[in-house]
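Overview (structure and organization)
So the chains spell out like this:
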Amino acid sequence: MKIICHYRNDAERGLLDPTPEAGGRRFVFRLYSGDVCRPILGQWFGPRYPRFVIRFFCRWPVLPLIAWRWPFLDRVGYVGFKPFGADSEAYKNWMKREEVYAGSQALCPSIRPMARMG
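Residues numbered from 1 in each chain as written. Predicted model: local features only at pLDDT ≥ 70, side-chain atom pairs only at ≥ 80, totals over all residues. Heavy atoms only, no water.

So, the overall build of the protein
- Secondary structure summary: the protein contains zero helices and five strands in total.
- Relative to the 2.2 N^0.38 estimate, which gives 13 Å for 118 residues, the radius of gyration of the protein is 15 Å and therefore close to what a compact globule would have.
- Judged by the C-alpha coordinates and their principal axes, the protein covers about 40 × 30 × 20 Å.
- Expressed as a percentage of its 118 residues, the buried residues of the protein come to 36%.
- Taking all contacts inside the protein whose residues are at least 6 apart in sequence as the whole, residues at least 24 apart take part in 60%.
- If you sum the accessible surface of the protein, you get close to 7100 Å²; carbon and sulfur atoms cover 58% of it.
- Charged side chains of the protein number 19 positive and 10 negative; the gap between the two group centres comes to 6 Å. (Helix = DSSP H or I, 4+ residues; strand = E, 2+ residues; numbered from the N terminus. Rg over C-alpha atoms; globule rule 2.2 N^0.38 Å. Buried < 20%, exposed > 50% of the residue type's maximum accessible area, 1.4 Å probe, protein only. Contact = heavy atoms within 4.5 Å. Areas by Shrake-Rupley, 256 points an atom, 1.4 Å probe, with all protein chains shown as cover. Lys, Arg positive; Asp, Glu negative; His and termini not counted. Charge placed at Lys NZ, Arg CZ, Asp CG, Glu CD.)

Some details on the packing of aromatic side chains
- Enumeration over the complete set of coordinates arrives at eight aromatic pairs.
- Arranged with centres 6.1 Å apart and planes meeting at 45°, the rings of Y7 and F29 form a pair that is tilted. Of the two residues, Y7 sits in strand β1 (residues 3–8) while F29 sits in strand β2 (residues 27–40), which places them 22 residues apart along the sequence.
- Judged by relative accessible area, which is 26%, F29 ranks as partly exposed.
- Through pairs of rings, three or more aromatic residues link up here, namely W44, F45, F84, Y91 and W94.
- We note R59 situated over the ring of W60; from NZ or CZ to the ring centre the distance is 5.8 Å. (Phe/Tyr/Trp six-rings, centres within 6.5 Å; stacked < 30°, edge-to-face > 60°. Lys NZ or Arg CZ within 6 Å of the ring centre and 35° of its normal.)

Concerning the pattern of salt bridges
- Tallied over the entire structure, the rule returns six salt bridges.
- Here K92 makes a salt bridge to E89, at a shortest N to O gap of 3.3 Å.
- Overall, K92 belongs to the partly exposed group, its relative accessible area being 23%. (Salt bridge = Lys/Arg side-chain N within 4 Å of Asp/Glu carboxyl O.)

Here's the deal with the environment of P83
- Residue placement: P83 occurs in strand β4 (residues 75–85).
- The buried category is assigned to P83, whose relative accessible area is 2%.

Here is the structure:
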């Protein structure tokens, strides 16, 4: 599985680390294309693995991720398509085995308005 980041205003950060840190940027915006994978009804790492998986490939750079750091709080938030490493052996329990390999990445639609920093 593969993702492509077409635009980002935070080139200094790792692709799988989209949320701002204290003392850094306050706002992050990215545009992606690539594999989207959203497991439903279960736990990514078990023991109750996801029962359903929404999976598709988007070839156009239209999948946004917006992340922010709340002023005066030790909180961050994000909404959009969050990248993740799709290479954990546990994922073979609910993903196609050939899609789980070292360096495999996917996007997951997600929202977290008030996550703890760190």
